Amino acid sequence: MNTLEVDWRMTWKPTLDVMPWRSIKCTGRGDKMLFMKSNIARNSYEVMVTDLHTIWYESLSESQIKKRMASLNPKIEAPLDTVMSHLKSIIGTQDEGTHYSITFPKPLVVAGIGGSEDEKILLNIRSKLLEVKFIWKINGDTSFPSMFVKHVTEPLMLVVSELTRRQEHLMEIIAKKDKQIEDYKEQGAKCSRKNLETSKFEDTEFNTLMNMSEEFEEAIKLGITHSFKPDVSEAYKQIMMKKAWLERPVEDPPAKSSTTSSVPSLMDETFDKRMPPSLLDLDLGLGAIRLPGRRADGMLDSQMVLFYSGWS
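What follows covers the sheet that holds strand E1 (residues 22–24). For sheets, the rule is that strands pair by backbone hydrogen bonds, running either parallel or antiparallel. Taken together, eight strands build an open sheet; the order of strands is E1-E3-E4-E5-E8-E7-E6-E2 and the sheet is mixed. Either end of the sheet is taken by a strand with one partner, and the two such strands are E1 and strand E2 (26–27). Relative to strand E4 (residues 45–50), strand E3 (residues 34–40) is paired through six bridges, and the arrangement is antiparallel. Bridging from a neighbouring strand, Met-36 pairs with Val-49 of E4. Most of the contacts of helix H4 (residues 145–186) go to strand E5 (residues 55–60), to which it runs at about 90°, and overall it touches E3, E4 and E5.

Here is the structure:
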(Lines give C-alpha, C1' and ligand atoms only; values in the text may rest on other atoms or scores of the structure.)
Protein backbone atom coordinates (compact mmCIF):
# COMPACT_ATOMS: atom_id res chain seq x y z
CA MET A 1 0.00 0.00 0.00
CA ASN A 2 1.51 3.29 -1.09
CA THR A 3 1.55 6.59 0.79
CA LEU A 4 -1.21 8.10 -1.34
CA GLU A 5 -3.60 5.29 -0.48
CA VAL A 6 -2.75 5.50 3.23
CA ASP A 7 -3.52 9.23 3.21
CA TRP A 8 -6.75 8.61 1.29
CA ARG A 9 -7.92 6.00 3.81
CA MET A 10 -7.35 8.42 6.68
CA THR A 11 -9.74 10.99 5.20
CA TRP A 12 -12.16 8.76 3.30
CA LYS A 13 -15.58 8.19 4.88
CA PRO A 14 -16.82 4.57 4.63
CA THR A 15 -19.92 4.01 2.52
CA LEU A 16 -22.56 1.28 2.49
CA ASP A 17 -20.68 -0.43 -0.36
CA VAL A 18 -17.80 -1.55 1.85
CA MET A 19 -19.88 -2.81 4.76
CA PRO A 20 -20.01 -6.61 4.92
CA TRP A 21 -23.22 -8.61 5.03
CA ARG A 22 -24.18 -10.59 8.12
CA SER A 23 -26.90 -13.14 8.69
CA ILE A 24 -29.75 -12.15 10.98
CA LYS A 25 -32.03 -14.29 13.11
CA CYS A 26 -35.64 -13.26 12.90
CA THR A 27 -39.19 -14.58 13.09
CA GLY A 28 -41.85 -14.27 10.43
CA ARG A 29 -39.74 -15.43 7.50
CA GLY A 30 -40.00 -19.20 7.78
CA ASP A 31 -36.82 -21.10 7.06
CA LYS A 32 -35.36 -18.54 4.67
CA MET A 33 -32.14 -16.85 5.71
CA LEU A 34 -31.87 -13.08 5.64
CA PHE A 35 -28.77 -10.92 5.48
CA MET A 36 -28.33 -7.30 6.46
CA LYS A 37 -25.69 -4.61 6.05
CA SER A 38 -25.71 -1.06 7.39
CA ASN A 39 -23.77 2.16 7.53
CA ILE A 40 -24.59 4.04 10.73
CA ALA A 41 -23.20 7.58 10.63
CA ARG A 42 -23.27 10.29 13.29
CA ASN A 43 -26.72 11.55 12.37
CA SER A 44 -28.02 9.31 9.57
CA TYR A 45 -28.05 5.70 8.43
CA GLU A 46 -28.45 3.37 5.47
CA VAL A 47 -29.70 -0.21 5.79
CA MET A 48 -30.02 -3.05 3.29
CA VAL A 49 -31.74 -6.41 3.79
CA THR A 50 -31.67 -9.30 1.32
CA ASP A 51 -32.88 -12.88 1.04
CA LEU A 52 -30.45 -13.33 -1.90
CA HIS A 53 -33.37 -12.81 -4.27
CA THR A 54 -34.53 -9.31 -3.43
CA ILE A 55 -32.86 -6.30 -1.82
CA TRP A 56 -34.75 -3.88 0.42
CA TYR A 57 -33.24 -0.51 1.24
CA GLU A 58 -33.87 2.34 3.66
CA SER A 59 -32.02 5.61 4.22
CA LEU A 60 -32.92 8.06 7.01
CA SER A 61 -31.68 11.58 7.68
CA GLU A 62 -31.31 13.19 11.10
CA SER A 63 -34.78 14.75 11.05
CA GLN A 64 -36.38 11.46 9.97
CA ILE A 65 -34.59 9.55 12.75
CA LYS A 66 -35.78 12.04 15.36
CA LYS A 67 -39.34 11.85 14.04
CA ARG A 68 -39.37 8.05 14.10
CA MET A 69 -37.77 8.01 17.55
CA ALA A 70 -40.50 10.27 18.94
CA SER A 71 -43.20 8.14 17.32
CA LEU A 72 -41.92 4.72 18.40
CA ASN A 73 -40.36 5.59 21.76
CA PRO A 74 -42.20 8.59 23.25
CA LYS A 75 -41.18 7.66 26.81
CA ILE A 76 -37.45 7.73 26.05
CA GLU A 77 -35.61 11.04 26.16
CA ALA A 78 -32.06 10.63 24.92
CA PRO A 79 -29.65 12.75 22.88
CA LEU A 80 -29.15 11.85 19.23
CA ASP A 81 -25.63 10.50 19.89
CA THR A 82 -27.04 7.97 22.36
CA VAL A 83 -29.79 6.92 19.95
CA MET A 84 -27.35 6.48 17.05
CA SER A 85 -24.96 4.48 19.22
CA HIS A 86 -27.80 2.18 20.24
CA LEU A 87 -28.99 1.80 16.65
CA LYS A 88 -25.46 0.82 15.68
CA SER A 89 -25.44 -1.90 18.34
CA ILE A 90 -28.84 -3.37 17.41
CA ILE A 91 -28.64 -2.94 13.63
CA GLY A 92 -24.93 -3.36 13.04
CA THR A 93 -24.34 -6.37 15.28
CA GLN A 94 -27.64 -7.62 16.79
CA ASP A 95 -26.52 -7.66 20.41
CA GLU A 96 -27.77 -10.29 22.79
CA GLY A 97 -31.28 -9.41 23.88
CA THR A 98 -32.18 -7.86 20.53
CA HIS A 99 -35.10 -9.51 18.75
CA TYR A 100 -35.94 -9.20 15.05
CA SER A 101 -39.25 -9.95 13.38
CA ILE A 102 -40.25 -9.35 9.79
CA THR A 103 -43.57 -8.61 8.12
CA PHE A 104 -44.51 -7.61 4.61
CA PRO A 105 -46.94 -4.69 4.42
CA LYS A 106 -47.59 -5.65 0.80
CA PRO A 107 -47.51 -9.26 -0.42
CA LEU A 108 -44.59 -10.58 -2.43
CA VAL A 109 -45.77 -10.53 -6.02
CA VAL A 110 -42.70 -11.62 -7.94
CA ALA A 111 -40.06 -14.03 -6.68
CA GLY A 112 -36.68 -13.20 -8.12
CA ILE A 113 -33.92 -10.66 -8.13
CA GLY A 114 -35.35 -7.18 -7.87
CA GLY A 115 -38.90 -8.45 -7.34
CA SER A 116 -41.82 -6.08 -7.81
CA GLU A 117 -42.03 -2.37 -7.19
CA ASP A 118 -44.89 -3.11 -4.73
CA GLU A 119 -42.75 -5.24 -2.44
CA LYS A 120 -41.87 -3.76 0.92
CA ILE A 121 -40.38 -5.19 4.07
CA LEU A 122 -40.89 -4.15 7.68
CA LEU A 123 -38.12 -5.18 10.06
CA ASN A 124 -39.23 -4.80 13.66
CA ILE A 125 -36.47 -4.58 16.26
CA ARG A 126 -37.04 -4.85 20.00
CA SER A 127 -34.36 -4.17 22.61
CA LYS A 128 -33.68 -2.02 25.66
CA LEU A 129 -32.17 1.45 25.89
CA LEU A 130 -31.34 2.81 29.35
CA GLU A 131 -33.25 -0.19 30.79
CA VAL A 132 -36.39 0.95 28.97
CA LYS A 133 -38.11 -1.01 26.22
CA PHE A 134 -36.87 0.27 22.83
CA ILE A 135 -38.63 -0.32 19.53
CA TRP A 136 -37.35 0.42 16.05
CA LYS A 137 -38.82 -0.26 12.63
CA ILE A 138 -36.95 -0.39 9.35
CA ASN A 139 -39.23 0.19 6.36
CA GLY A 140 -37.41 -1.19 3.35
CA ASP A 141 -38.38 -0.50 -0.23
CA THR A 142 -37.47 -2.91 -3.00
CA SER A 143 -34.31 -1.83 -4.76
CA PHE A 144 -33.38 -2.12 -8.43
CA PRO A 145 -31.64 -5.23 -9.83
CA SER A 146 -28.52 -3.13 -10.41
CA MET A 147 -28.25 -2.68 -6.65
CA PHE A 148 -28.27 -6.45 -6.21
CA VAL A 149 -25.35 -6.74 -8.62
CA LYS A 150 -23.47 -3.89 -6.93
CA HIS A 151 -23.94 -5.05 -3.34
CA VAL A 152 -24.21 -8.85 -3.66
CA THR A 153 -23.09 -10.44 -6.92
CA GLU A 154 -19.98 -8.42 -7.71
CA PRO A 155 -18.61 -8.20 -4.13
CA LEU A 156 -19.05 -11.93 -3.54
CA MET A 157 -17.28 -12.75 -6.81
CA LEU A 158 -14.42 -10.47 -5.75
CA VAL A 159 -14.26 -12.25 -2.39
CA VAL A 160 -14.06 -15.65 -4.11
CA SER A 161 -11.30 -14.37 -6.39
CA GLU A 162 -9.29 -12.89 -3.52
CA LEU A 163 -9.68 -15.95 -1.29
CA THR A 164 -8.49 -18.10 -4.20
CA ARG A 165 -5.42 -15.87 -4.59
CA ARG A 166 -4.69 -16.11 -0.88
CA GLN A 167 -5.03 -19.90 -0.94
CA GLU A 168 -2.59 -20.16 -3.84
CA HIS A 169 -0.13 -17.96 -1.95
CA LEU A 170 -0.56 -20.10 1.16
CA MET A 171 0.18 -23.23 -0.90
CA GLU A 172 3.45 -21.63 -2.03
CA ILE A 173 4.40 -20.84 1.58
CA ILE A 174 3.66 -24.42 2.68
CA ALA A 175 5.80 -25.78 -0.17
CA LYS A 176 8.70 -23.59 0.97
CA LYS A 177 8.21 -24.74 4.56
CA ASP A 178 8.40 -28.36 3.42
CA LYS A 179 11.71 -27.65 1.68
CA GLN A 180 12.98 -25.95 4.83
CA ILE A 181 12.05 -28.97 6.98
CA GLU A 182 13.66 -31.31 4.43
CA ASP A 183 16.86 -29.28 4.62
CA TYR A 184 16.89 -29.55 8.42
CA LYS A 185 16.45 -33.34 8.20
CA GLU A 186 19.29 -33.66 5.71
CA GLN A 187 21.52 -31.91 8.26
CA GLY A 188 20.56 -34.46 10.92
CA ALA A 189 17.80 -32.55 12.72
CA LYS A 190 14.96 -34.58 14.24
CA CYS A 191 11.54 -33.66 15.62
CA SER A 192 11.49 -33.81 19.42
CA ARG A 193 7.94 -35.23 19.49
CA LYS A 194 6.63 -37.76 17.01
CA ASN A 195 3.06 -36.42 17.09
CA LEU A 196 4.35 -33.12 15.64
CA GLU A 197 5.74 -34.73 12.51
CA THR A 198 3.90 -34.03 9.26
CA SER A 199 4.13 -35.53 5.79
CA LYS A 200 4.99 -33.47 2.75
CA PHE A 201 2.03 -31.37 1.65
CA GLU A 202 0.36 -32.24 -1.67
CA ASP A 203 -2.36 -29.86 -2.80
CA THR A 204 -4.15 -32.45 -4.98
CA GLU A 205 -4.28 -34.91 -2.11
CA PHE A 206 -5.46 -32.15 0.22
CA ASN A 207 -8.35 -31.13 -2.07
CA THR A 208 -9.43 -34.76 -2.47
CA LEU A 209 -9.38 -35.21 1.29
CA MET A 210 -11.49 -32.09 1.82
CA ASN A 211 -14.05 -33.28 -0.74
CA MET A 212 -14.38 -36.63 1.03
CA SER A 213 -14.41 -35.32 4.61
CA GLU A 214 -17.43 -35.28 6.94
CA GLU A 215 -16.82 -31.60 7.62
CA PHE A 216 -17.43 -30.88 3.93
CA GLU A 217 -20.88 -32.46 4.11
CA GLU A 218 -21.70 -30.63 7.34
CA ALA A 219 -20.67 -27.31 5.77
CA ILE A 220 -23.06 -27.89 2.88
CA LYS A 221 -25.87 -28.77 5.30
CA LEU A 222 -25.33 -25.53 7.19
CA GLY A 223 -25.61 -23.69 3.89
CA ILE A 224 -25.08 -19.95 3.94
CA THR A 225 -25.64 -19.43 7.66
CA HIS A 226 -21.89 -19.31 8.31
CA SER A 227 -20.91 -17.47 5.14
CA PHE A 228 -19.67 -14.33 6.86
CA LYS A 229 -17.39 -15.31 9.70
CA PRO A 230 -15.27 -12.47 11.16
CA ASP A 231 -12.21 -13.15 8.99
CA VAL A 232 -14.31 -13.35 5.81
CA SER A 233 -16.21 -10.18 6.76
CA GLU A 234 -12.92 -8.35 7.25
CA ALA A 235 -11.67 -9.62 3.88
CA TYR A 236 -14.93 -8.40 2.29
CA LYS A 237 -14.45 -4.95 3.82
CA GLN A 238 -10.80 -4.68 2.75
CA ILE A 239 -11.63 -5.82 -0.79
CA MET A 240 -14.38 -3.23 -1.17
CA MET A 241 -12.15 -0.50 0.30
CA LYS A 242 -9.48 -1.36 -2.25
CA LYS A 243 -12.13 -1.22 -4.98
CA ALA A 244 -13.24 2.22 -3.74
CA TRP A 245 -9.62 3.41 -3.83
CA LEU A 246 -9.11 2.16 -7.38
CA GLU A 247 -12.36 3.74 -8.57
CA ARG A 248 -11.95 7.05 -6.73
CA PRO A 249 -12.30 10.22 -8.82
CA VAL A 250 -8.84 11.49 -9.70
CA GLU A 251 -8.41 15.20 -10.30
CA ASP A 252 -6.45 16.25 -13.35
CA PRO A 253 -3.14 17.95 -12.49
CA PRO A 254 -3.27 21.76 -12.84
CA ALA A 255 -2.22 23.00 -16.24
CA LYS A 256 1.25 24.48 -16.32
CA SER A 257 1.39 28.18 -17.09
CA SER A 258 2.86 29.01 -20.46
CA THR A 259 6.36 30.45 -20.32
CA THR A 260 6.76 30.81 -24.06
CA SER A 261 8.49 34.06 -24.99
CA SER A 262 6.45 36.67 -26.78
CA VAL A 263 9.43 37.34 -29.03
CA PRO A 264 8.65 35.92 -32.47
CA SER A 265 10.77 33.03 -33.63
CA LEU A 266 13.20 33.46 -36.47
CA MET A 267 11.52 30.42 -38.06
CA ASP A 268 8.09 32.07 -37.90
CA GLU A 269 6.96 32.45 -41.51
CA THR A 270 4.60 35.26 -40.56
CA PHE A 271 7.31 37.32 -38.92
CA ASP A 272 8.12 39.26 -42.08
CA LYS A 273 4.46 40.26 -42.35
CA ARG A 274 4.70 42.03 -38.97
CA MET A 275 7.83 44.01 -39.95
CA PRO A 276 7.65 47.53 -41.31
CA PRO A 277 8.30 47.42 -45.06
CA SER A 278 11.16 49.93 -44.65
CA LEU A 279 13.08 47.41 -42.57
CA LEU A 280 12.73 44.48 -44.88
CA ASP A 281 15.73 45.58 -47.01
CA LEU A 282 18.53 47.67 -45.50
CA ASP A 283 21.89 48.83 -46.79
CA LEU A 284 24.47 48.82 -44.01
CA GLY A 285 27.40 49.15 -46.32
CA LEU A 286 27.60 45.43 -46.65
CA GLY A 287 25.04 45.28 -49.39
CA ALA A 288 21.34 44.68 -49.09
CA ILE A 289 20.44 42.40 -46.21
CA ARG A 290 16.98 40.93 -46.11
CA LEU A 291 16.40 40.42 -42.36
CA PRO A 292 13.29 38.32 -41.80
CA GLY A 293 11.76 35.79 -44.11
CA ARG A 294 13.14 33.00 -46.22
CA ARG A 295 14.78 32.58 -49.55
CA ALA A 296 13.00 30.84 -52.35
CA ASP A 297 14.53 27.52 -51.28
CA GLY A 298 12.91 27.87 -47.83
CA MET A 299 16.21 28.47 -45.92
CA LEU A 300 16.73 31.44 -43.64
CA ASP A 301 18.97 34.22 -44.86
CA SER A 302 22.42 33.49 -43.45
CA GLN A 303 22.98 37.18 -42.69
CA MET A 304 19.70 38.04 -41.03
CA VAL A 305 20.75 36.91 -37.54
CA LEU A 306 23.31 39.72 -37.53
CA PHE A 307 20.59 42.27 -37.39
CA TYR A 308 17.67 40.71 -35.46
CA SER A 309 17.00 42.45 -32.16
CA GLY A 310 13.62 40.99 -31.25
CA TRP A 311 10.69 43.02 -32.57
CA SER A 312 7.43 42.05 -30.98
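We now examine the environment of Asp-81. Relative to the elements of secondary structure, Asp-81 occurs in helix H3 (residues 80–91). Classification of Asp-81 as exposed rests on a relative accessible area of 54%.

Here the focus is the packing of aromatic side chains. This structure, assessed with the given rule, holds five aromatic pairs. When the ring of Trp-56 is compared with that of Phe-104, the centres are 6.0 Å apart and the planes differ by 55°; the resulting orientation is tilted. Of the two residues, Trp-56 sits in strand E5 while Phe-104 sits in the loop between strand E6 (99–103) and strand E7 (120–129), which places them 48 residues apart along the sequence. Overall, Trp-56 belongs to the buried group, its relative accessible area being 1%. Looking at Phe-104, the relative accessible area reads 24%, which means it is partly exposed. Seen in terms of ring centroids, Phe-201 and Phe-206 are 5.5 Å apart; in terms of plane orientation they differ by 45°. Their pairing is tilted.

On to the packing of H4 against helix H7 (residues 230–246), then. To describe two helices that pack against each other, one gives the angle between their axes and the distance between the axes. Where H4 contacts H7, the axes come no closer than 10 Å and their chain directions differ by 105°. Taken together, the axes of H4 and H7 are roughly perpendicular relative to one another. Along its contact with H4, which presents His-151, Glu-154, Pro-155, Leu-156, Leu-158, Val-159, Glu-162 and Arg-166, the element H7 presents Val-232, Ala-235, Tyr-236, Ile-239, Met-240 and Lys-243.

The rules behind these values
Residues numbered from 1 in each chain as written. Predicted model: local features only at pLDDT ≥ 70, side-chain atom pairs only at ≥ 80, totals over all residues. Heavy atoms only, no water. Pairing = 2+ DSSP bridges. Helix = DSSP H or I, 4+ residues; strand = E, 2+ residues; numbered from the N terminus. Contact = heavy atoms within 4.5 Å. Axes fitted to C-alpha atoms, helices over the stretch in contact; angles between N-to-C directions. Buried < 20%, exposed > 50% of the residue type's maximum accessible area, 1.4 Å probe, protein only. Phe/Tyr/Trp six-rings, centres within 6.5 Å; stacked < 30°, edge-to-face > 60°. Parallel < 35°, antiparallel > 145°, perpendicular 65-115°, else oblique.

By themselves, these figures tell us nothing about what the structure is for.
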